[in-house]
Amino acid sequence: MSEIKYGFDPVYDKNSRVLILGSFPSVKSRQTEFYYGNKQNRFWRVISSYLKVPLPVTVQEKRDMLIKNNIALWDIVTECEIVGSSDSTIKNFKVADLFCLLQNSKIGYIILNGSKAYSVFKANYVNINIPYIKLSSTSPANTRFDEKEWLNVLSIAFKSA
């Protein structure tokens, strides 16, 4: 018997300009009760590198860094059945209500962190009128991660958002 798992609320405010959408929290993220809780995940390192700020450690430091720099963070899947942390096992899922977030912020660019986030987004938000791009997942399981690609897209996103 599968158990439904729940994701986290979005992190954003009315000034958020760039939205980064993941797929669904990993086991370690669910344990730490915040996004990208696996210390091997490259997400926080690449964002702090782009922003040229110290690597945040606590959940509050991570939230503060995002809000201060107009970054919104959420997962496209808000609840689902999942085995471990594997995106390929996600089933019976609910999709995030992006329109609510978009109406209450200044999002001008969306970055999709990995293939699952991209495929769920494309299946549910084909008519969205905001530029978006799929990037390689920051997950430690992704051997094709490209930090330069992330840094380049972050630069483009903030210039155009």
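Residues numbered from 1 in each chain as written. Predicted model: local features only at pLDDT ≥ 70, side-chain atom pairs only at ≥ 80, totals over all residues. Heavy atoms only, no water.

1. Re the overall build of the protein
- Summing up its helical and strand segments, the protein has six helices and seven strands in all.
- Mapped from its N terminus to its C terminus, the protein presents α and β elements in the order β-β-α-α-α-β-β-β-α-β-α-β-α.
- Referenced to the eigenvectors of the C-alpha coordinate spread, the extents of the protein come out at roughly 45 × 35 × 30 Å.
- The buried share of the protein, reckoned over its 161 residues, is 45%.
- If you take every contact in the protein between residues at least 6 apart in sequence, the share linking residues at least 24 apart comes to 64%.
- By element, 49% of the accessible surface of the protein is carried by carbon and sulfur atoms, the whole surface being about 8600 Å².
- The average position of the 21 basic charges and that of the 14 acidic charges among the side chains of the protein differ by 6 Å. (Helix = DSSP H or I, 4+ residues; strand = E, 2+ residues; numbered from the N terminus. Buried < 20%, exposed > 50% of the residue type's maximum accessible area, 1.4 Å probe, protein only. Contact = heavy atoms within 4.5 Å. Areas by Shrake-Rupley, 256 points an atom, 1.4 Å probe, with all protein chains shown as cover. Lys, Arg positive; Asp, Glu negative; His and termini not counted. Charge placed at Lys NZ, Arg CZ, Asp CG, Glu CD.)

2. Focus: the side chain of Ser-29
- With respect to the helices and strands, Ser-29 occurs in helix 1 (residues 27-32).
- For Ser-29, a relative accessible area of 3% gives the class buried.
- Of note is the side chain of Ser-29, whose polar atom sits 3.2 Å from the backbone nitrogen of Tyr-36.
- Once residues lying within four places of it in the same chain are set aside, the contact partners of Ser-29 are Phe-8, Phe-34, Tyr-35, Tyr-36, Gly-37 and Asn-38. (Polar contact = N/O pair within 3.5 Å; in protein donor to acceptor, adjacent residues only side chain to side chain.)

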